[in-house]
Number of protein chains: 2
Amino acid sequence: MMNSADNSLEARVAWLYFMEGMTQADIAEKLGMTRLRVNRMLVEARTSGLVSITLNSRFATCVELEQSLVREFGLKDAVIVPTPDDPDLVPVLLGQAAGEYLSNLLETNRVRGLGIGWGATLRETIRNMRAGRYPELCVNSMMGGLTHGLELNTFETASSLANRLNAECQYLAAPIYAGSPKSRDIILAQDVFRETFERIAANDIAVLSIGDLSLRSLLVRYGLPRDVTTDELVALGAVGDILGQFYDADGHVIDHPLNARAIALPLDQLSRIPTVVLASGGKNKTQAVAGALKAGLASVVICDEDTARAACEMARSGKASRRPAPSQRRRSSR
Amino acid sequence: MMNSADNSLEARVAWLYFMEGMTQADIAEKLGMTRLRVNRMLVEARTSGLVSITLNSRFATCVELEQSLVREFGLKDAVIVPTPDDPDLVPVLLGQAAGEYLSNLLETNRVRGLGIGWGATLRETIRNMRAGRYPELCVNSMMGGLTHGLELNTFETASSLANRLNAECQYLAAPIYAGSPKSRDIILAQDVFRETFERIAANDIAVLSIGDLSLRSLLVRYGLPRDVTTDELVALGAVGDILGQFYDADGHVIDHPLNARAIALPLDQLSRIPTVVLASGGKNKTQAVAGALKAGLASVVICDEDTARAACEMARSGKASRRPAPSQRRRSSR
DNA sequence: TAGTTTGTATTACATTTGTATGACACTGGC
DNA sequence: GCCAGTGTCATACAAATGTAATACAAACTA
């Protein structure tokens, strides 16, 4: 799909346009092609992350929020970007920030194992990472893949990152959910998976995102087994998921068999990984982010401003006590 | 001239345009200003280096050339950018590359002293460096300043960089050339200069560029004392200058009193500085770059492709003349 | 072989952008 | 007070860009 000659021409066009400031028509003439083609290549160059535009300036309010997040929740680091008017842009902007952050992390630290999750934000993240050569690095998927639908899968996520970094790649070649907890245990007991899981647990960095329970969630739409509905999960207090495991407003994994069916690194083992980067944002994920913050699931949080502020507030207020309000079984507030 | 409110608005506009992809007219409406004003702020944002555009791809021919430069001339590193059609763009493009390179260098190494030269390329370089906080860093000017003409001076160069990096700044508060060698020695013997020069010689990094002897050279046009002509220098074999000191095709400082009048770090002391980054390009500087390469004045070269190729050829052919065992500074900092 | 897909060329058009113009208000100096 | 200098606004217009409709050629499929 994207061979090197193609890419080289694209780079050439992008160079002439962005660096030398030539006009699209001039480039077309110089290179002997249509202006339209130049135009499309430029669009492609931007969406594929061949060119990246960065601002050398931070917004004061965001910097401030980052600092209070780090302080209050014992994070290693936080990156907050301004919330865009268009909610659809959130993953794109988070991806830019996360990509930049991770690229710097990789360039300044010797990283041997990088585990990655799955989702729209992470796809954007990968698009925005600088290409490089990391022959010693092993990129691996920390969760199983979808069995149907959707071109965006965990396998593709891991391999496209590994590809961009010229790194090794290891897949978790299994579905994301087994048919039952018992079946999950049987699968994981097979020796082909032992080594894989050992490597996953030994990663230096985990790059994950959070899913919510709305219909916007890819996991909800394409990943949930047919025999599980979001209602059951919500009834048990679920506000979001990480690596396919659903947790409540306090960040505790809820007591539902689905969690025991997930083929992924268990959330309670996440803390063993030195650096857990959590990139997620958007209004619909406020509660989920708050839960993750409260439970200390992340060591680095990348989020948009409004969501981070609301989640911070939420996690802060309820930090001391958890109150399930007498007989409230209805699905929690929206 | 550029207060923080102004800058913050500019950042906001740039964010909305480049990150959120809003149209200039929409931004104007949203922020309650004219489209014209938005347009001008965007131009300003780009020229001031607030936004920077980078390509995540390298041209194969350039990478190759970099490698052979490193190998043949014992460099630590080299960065080659494609030569643009418009020669006026060379400093801009070199500045982009050099700015990116230096930013990475600063972010990955603890640097305490950074000395800087003077010129159009270096101004562009500074524009393209990422802002940051380096309270432990001292930026200093490695040469005296012009006494007349031209807004671009060594003082401004050093201070604008220090400003961008939130670092200390130390000037070399002296003219670039004294009236005579003797006068130079007298000036340098004053204790106010001793400390300054010690610090300059103890820098971890020097960021310099090369001047040639054409009328394009700022030093020739504005910096040379009235009693010295380029003809005399050329007659002695001069092909270019570094820090105001002219050298010949072999990179040897020529025997002209002007060199003994320069108030700057002497070129023969340059080798004490662990990392000397030389950013220069353009056809008119081919010989000068060749000389610097041959004499091993630089440890990192940033140049455009055509010039580097020609200079490489030139330096290679006449290399037999002098080049003992390369016990160059090779200590890698990585 | 005929149809189908895919990518490109051609053309046309709407939108966005860059830039020039004259009018107006504000400023500081005389 | 006047005046030059500066910056902004409103308007206009030319250049550049994004997008769509259609047509053509090569590669692929049945």
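These numbers were taken from a predicted model, which means no experiment stands behind them.

1. Re the overall build of chain A
Along chain A, the regular secondary structure elements total 14 helices and 11 strands. Across its three principal axes, chain A shows a C-alpha extent of roughly 70 × 50 × 35 Å. Across the 334 residues that make up chain A, the buried fraction comes to 54%. Restricting to contacts in chain A with at least 6 residues of sequence separation, those with at least 24 account for 71%. Put simply, chain A shows about 15700 Å² of open surface, and 49% of that area lies on carbon and sulfur atoms.

2. Side note on the protein's contact with DNA strand C
Around DNA strand C sit Thr34(A), Leu36(A), Arg37(A), Arg40(A), Tyr17(B), Thr23(B), Gln24(B), Arg35(B), Leu36(B), Asn39(B) and Arg46(B), and those are all the residues in its vicinity. Here, DNA strand C places atoms within 4 Å of the protein, and 64% of those atoms are sugar or phosphate. At 2.5 Å, a side-chain N or O of Thr23(B) approaches a phosphate oxygen of DNA strand C. At 2.7 Å, a side-chain N or O of Asn39(B) approaches a phosphate oxygen of DNA strand C. Broken down by secondary-structure element, the contributors of at least two residues to the surface near DNA strand C are α3 (35–47) of chain A together with α3 (35–47) of chain B. When residues in the surface near DNA strand C are grouped by element, the largest group, 4 residues, is from α3(B). The residue inventory of the surface near DNA strand C, partitioned by class, reads 3 nonpolar, 4 polar and 4 charged.

3. A look at the pattern of salt bridges
Tallying each qualifying case throughout the model produces 28 salt bridges over all chains. For Asp85(A), the salt bridge goes to Lys30(B), with nearest N and O atoms at 2.6 Å. Taken together, the residues Asp85(A) in the loop between β2 (77–81) and α5 (90–108) and Lys30(B) in helix α2 (residues 24–31) connect one chain to another. With relative accessibility at 38%, the residue Lys30(B) sits in the partly exposed group.

4. A word on the pairing of strand β2 (residues 77–81) of chain B
Residues and elements named next belong to chain B. In terms of burial, β2 is a largely internal element, 4 of the 5 residues being buried. In the sheet, β2 pairs with strand β11 (residues 300–304) via 5 bridges, with the strands oriented parallel. When the bridges of β11 are listed, Ile-80 appears paired with Cys-303.

5. Section: the side chain of Gln245(B)
Residue and element names in this part refer to chain B. With respect to the helices and strands, the residue Gln-245 is situated in strand β9 (residues 245–248). A polar atom in the side chain of Gln-245 sits 2.9 Å from the backbone oxygen of Leu-265. The contact partners of Gln-245, leaving out residues within four places of it in the chain, are Gly-240, Asn-259, Ala-262, Ala-264, Leu-265, Pro-266 and Leu-267.

6. Here we look at the relation of the copies chain A and chain B
You can overlay chain A on chain B at an RMSD of 0.1 Å; the transform is a turn of 180° with a shift of 0.1 Å along its axis. What the superposition gives is, in effect, a two-fold axis relating one chain to the other. Within chain A, the C-alpha atom positioned nearest to the axis of rotation is that of Ile53(A), 2.2 Å from it.

7. Points about the sheet that holds strand β6 (residues 205–208) of chain B
Residue and element names in this part refer to chain B. Ordered by their spatial adjacency, 7 strands build an open sheet running β2-β11-β10-β6-β3-β4-β5, and the pairing between neighbours is parallel. The sheet is open, and its two edges are formed by β2 and β5 (168–170), each paired on a single side. Sheet twist, expressed as the average angle between the axes of neighbouring strands with direction ignored, equals 15°. Relative to β5, strand β4 (residues 138–141) runs parallel, the two sharing 3 bridges.

8. Quick notes on the domain arrangement of chain A
Put simply, an interface is often sized by how much accessible area is lost when its parts join up. Along its sequence, chain A is carved into domain 1 (4–47) and domain 2 (60–317). Spacing between the C-alpha centres of domain 1 of chain A and domain 2 of chain A amounts to 35 Å.

9. Describing the protein's contact with DNA strand D
Every residue near DNA strand D is listed here: Tyr17(A), Thr23(A), Gln24(A), Arg35(A), Leu36(A), Asn39(A), Arg46(A), Thr34(B), Arg35(B), Leu36(B), Arg37(B) and Arg40(B). Considering DNA strand D, the proportion of its atoms within 4 Å of the protein that are sugar or phosphate atoms stands at 64%. Between DNA strand D and Thr34(B), the relevant distance is 2.6 Å, taken from a phosphate oxygen to a side-chain nitrogen or oxygen of the residue. Secondary structure elements with two or more residues in the surface near DNA strand D: α3 of chain A together with α3 of chain B. Classifying every residue of the surface near DNA strand D gives 3 nonpolar, 4 polar and 5 charged.

10. Considerations on empty space enclosed by the protein
For the coordinates displayed, the defined rule picks out 3 cavities of 30 Å³ or more. Taken as a whole, the largest cavity encloses approximately 50 Å³ of empty space. Listing elements by their share of the lining of the largest cavity, those giving two or more residues are α13 (286–294) and β11 (300–304) of chain A. Split into classes, the residues belonging to the lining of the largest cavity amount to 8 nonpolar, 1 polar and no charged. Looking at the lining of the second largest cavity, the elements that each hand over two or more residues are α13 (286–294) and β11 of chain B. In terms of residues, the lining of the second largest cavity owes the most to one element, α13(B), which gives 3 residues.

11. Concerning unusual backbone geometry
Even without being glycine, Leu243(A) reaches a positive phi, approximately 50°. Residue classification places Leu243(A) among the buried positions, given a relative accessible area of 3%.

12. What to know about the interface of chain A and chain B
Between chain A and chain B, the contact holds 34 residues from the first and 33 residues from the second. Of the roughly 3000 Å² buried where chain A meets chain B, counting both sides, 59% is carbon and sulfur surface. When residues of chain A are sorted by the area they lose upon contact with chain B, Trp15(A), Met19(A) and Asn56(A) head the list and together hold 23% of the total. There are 10 residue pairs in polar contact (both at pLDDT 80 or more) connecting chain A and chain B. With 7 residues, the top contributor of residues to the side of chain A that touches chain B is helix α1 (residues 4–19) of chain A. Of the residues in the side of chain A that touches chain B, the class split is 17 nonpolar, 10 polar and 7 charged. As defined by bridge partners, strand β1 (residues 51–55) of chain A adjoins strand β1 (residues 51–55) of chain B across 5 bridges and the pair is classed as antiparallel. Opposite Val51(A), over in β1(B), you have Leu55(B) as the bridge partner.

What counts and how
- Residues numbered from 1 in each chain as written.
- Chains lettered and ligands numbered in written order.
- Predicted model: local features only at pLDDT ≥ 70, side-chain atom pairs only at ≥ 80, totals over all residues.
- Heavy atoms only, no water.
- Helix = DSSP H or I, 4+ residues; strand = E, 2+ residues; numbered from the N terminus.
- Buried < 20%, exposed > 50% of the residue type's maximum accessible area, 1.4 Å probe, protein only.
- Contact = heavy atoms within 4.5 Å.
- Areas by Shrake-Rupley, 256 points an atom, 1.4 Å probe, with all protein chains shown as cover.
- Near = heavy atom within 4 Å.
- Polar contact = N/O pair within 3.5 Å; in protein donor to acceptor, adjacent residues only side chain to side chain.
- Nonpolar A, V, L, I, M, F, W, Y, C, P; charged D, E, K, R; others polar.
- Salt bridge = Lys/Arg side-chain N within 4 Å of Asp/Glu carboxyl O.
- Pairing = 2+ DSSP bridges.
- Least-squares fit on C-alpha atoms with pLDDT ≥ 70 in both.
- Axes fitted to C-alpha atoms, helices over the stretch in contact; angles between N-to-C directions.
- Domains from an automatic or database assignment.
- 1 Å grid on protein atoms, 1.4 Å probe; cavity = no way out; pocket = protein on both sides within 12 Å on 5 of 7 lines; lining within 4 Å.
- Points joined across faces, edges and corners; volume = space filled by probe spheres on them.
- Buried area = accessible area lost by both parts, 1.4 Å probe.

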